[in-house]
Amino acid sequence: MSGPVALVGSGEFTPAMLEIDADLLASTGRQRPRVVVLPTASYPDGEETFQRWATMGTDHFTRLGAEVEPVLVRTRADGDDAAMAQAVGEADLIYLSGGKPGYLLDALNGTAVGSAIAAANARGAVVAGCSAGAMVIASRTFDFRLRALPWPLRWAPGLALAGSVAVIPHYDAWPEPVSVLVVLQSPRALSVLGVDEDTAVVGRDGSWQVHGPGRVTLWRGRHRERFRAGDAFRI
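Cut-offs applied
Residue positions are given per chain, counted from 1 along the sequence in the order it is written. Residues qualify for local features only when their pLDDT is at least 70, as the model is predicted, and side-chain atom pairs are given and counted only at 80 or more; totals for whole chains, interfaces and linings, by contrast, use all residues. Side-chain calculation: all heavy atoms of the structure are included, whereas hydrogens and water are not. Burial classes: relative accessible area under 20% of the type maximum marks a residue as buried, over 50% as exposed, and values in between as partly exposed (1.4 Å probe, protein chains only). Helical segments are the DSSP runs of H or I of at least four residues, strand segments are the runs of E of at least two, and each set is numbered from the N terminus. Here, strands pair whenever DSSP counts at least two bridges between them. We call Phe, Tyr and Trp rings a pair once their centres come within 6.5 Å, taking the six-membered ring for Trp, and we label the pair stacked below 30 degrees between planes, edge-to-face above 60, and tilted otherwise. Lining residues are those with an atom within 4 Å of a point, where the points come from a 1 Å grid over the protein atoms alone and group into cavities, where a 1.4 Å probe fits but cannot get out, or pockets, open sets with protein on both sides within 12 Å along at least five of seven lines. Grid points are joined across faces, edges and corners, and a volume is the space filled by probe spheres set on the points. Polar here means any residue other than Ala, Val, Leu, Ile, Met, Phe, Trp, Tyr, Cys and Pro, which are nonpolar, and Asp, Glu, Lys and Arg, which are charged; Gly is therefore polar. For this analysis, residues touch if any pair of their heavy atoms sits within 4.5 Å. The convention used is that axes are lines fitted to C-alpha atoms, helices contributing only their stretch in contact, and that angles between N-to-C directions extend from 0 to 180 degrees. Joining through side-chain atoms within 4.5 Å is the link that ties buried Ala, Val, Leu, Ile, Met, Phe, Trp, Tyr and Cys residues into a set, and such a set is a nonpolar core.

Observations concerning the pairing of strand S5 (residues 126-130)
For step 1, the next point in the chain: Burial of S5 is extensive: five of the five residues sit out of reach of the surface.
For step 2, the next point in the chain: Side-chain alternation along S5 places Val126, Ala128 and Cys130 on one buried face and Val127 and Gly129 on a second face that is also buried.
For step 3, the next point in the chain: Pairing between strand S1 (residues 5-8) and S5: four bridges, direction parallel. Of the residues in S5, the one forming a bridge with Leu7 is Gly129.

Section: the packing of aromatic side chains
For step 1, the next point in the chain: All told, the structure shown has eight aromatic pairs when counted by the stated rule.
For step 2, the next point in the chain: Between Phe13 and Phe61, the ring centres sit 6.2 Å apart and the planes meet at 75°, which makes this aromatic pair edge-to-face. Residue Phe13 is found in the loop between S1 and helix H1 (18-27), and its partner Phe61 is found in helix H2 (residues 47-63); the two are separated by 48 residues along the sequence.
For step 3, the next point in the chain: The exposure class assigned to Phe61 is buried, which follows from its relative accessible area of 0%.

Re the layout of surface pockets
For step 1, the next point in the chain: Counted as a void, the second largest pocket has a volume near 170 Å³.
For step 2, the next point in the chain: Residue lining of the second largest pocket: 14 residues in total, with Leu161, Ala162, Gly163, Asp205 and Gly206 positioned closest to the centre.
For step 3, the next point in the chain: Residue composition of the lining of the second largest pocket, grouped by class: five nonpolar, seven polar and two charged.

Looking at the environment of Gly158
For step 1, the next point in the chain: With respect to the helices and strands, Gly158 occurs in the loop between strand S7 (153-157) and strand S8 (165-168).
For step 2, the next point in the chain: Classification of Gly158 by relative accessible area gives buried; the value is 9%.
For step 3, the next point in the chain: Along the backbone, Gly158 and Asp106 are 52 residues apart, and their C-alpha atoms lie at a distance of 9.8 Å.

Some points on the side chain of Asn121
For step 1, the next point in the chain: Inspection of the secondary structure assignment puts Asn121 in helix H6 (residues 112-122).
For step 2, the next point in the chain: We classify Asn121 as buried; its relative accessible area is 5%.
For step 3, the next point in the chain: For Asn121, the residues in contact, after removing those within four places along its chain, are Met1, Ser2, Gly3, Pro4, Val5, Val127 and Leu161.

Description of the sheet that holds strand S13 (residues 223-227)
For step 1, the next point in the chain: An order of S8-S9-S12-S13 is seen for the four strands of this open sheet, with the pairing classed as mixed. Two strands lie at the open edges of the sheet, namely S8 and S13, each paired on one side alone. Within this sheet the neighbouring strands show an average axis-to-axis angle of 20°, counted without direction.
For step 2, the next point in the chain: In terms of strand pairing, strand S12 (residues 216-220) meets S13 through five bridges, oriented antiparallel. Its bridge partner being in S13, Leu218 is matched across the sheet by Glu225.
For step 3, the next point in the chain: Where helix H8 (residues 176-184) meets the sheet, its contacts fall on S8, strand S9 (191-195), S12 and S13, and the angle it forms with S12 comes to roughly 35°.

Let's talk about the nonpolar core
The nonpolar side chains of soluble globular proteins are, as a tendency, buried together.
For step 1, the next point in the chain: Counting 42 residues, the largest nonpolar core has Leu7 and Ile117 as the members making the most contacts within it.
For step 2, the next point in the chain: Leaving out residues up to four positions away in the same chain, Ile117 has contacts with Leu38, Val88, Ile94, Leu96, Leu108, Val127, Leu159 and Leu161.
For step 3, the next point in the chain: Of all hydrophobic cores here, the second largest spans 20 residues; its members include Phe13, Ile20, Leu24 and Trp53.

Laid out in structure tokens, this is it:
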């Protein structure tokens, strides 16, 4: 059975995520789960930022009792590194932190590390993504074609670990009319999940549950539903 997938709106490796991440670790059934942190999406912001996210992730999950290894995939060439793919494939929980979704997708999609993430999830490992990480582990992800003229959006296949969904992270930080423009341009039959900051939605086999202080907004076409902590729904 495939493992859980956690889509996080923001707040990775901060105190706001302690309870949520402790639950994800517990779901592995391991006394000392092995966690891999992938800070790849932050690499375009520079080596210092990249290393900071790797350190934050390591410290955060070590505090929660896990054995943690940051896997430092900087480029697409690193994504095909056999040793990095093996490290990812052996993890009980794989965490993709935030940054630039397009860069992360290019570094992972069709690479050995990307395949290792999918294989690990298929055998039962947890895969969690925050912000850009959440966008990329969905079935489709969006990007702006031009900085000066953001519409129409460009849609690309993601790692497809979360069913037929796309993710809008930081949902409560955007004016909702902007998010509605994203929803209206989404491919047909795709559900869109808007995940508030410091909030997660955890899914397995089409069943999802909300965790954290914010809301999750589910768009099925033009139909909108809202869910809060503890609420469950199916896609």
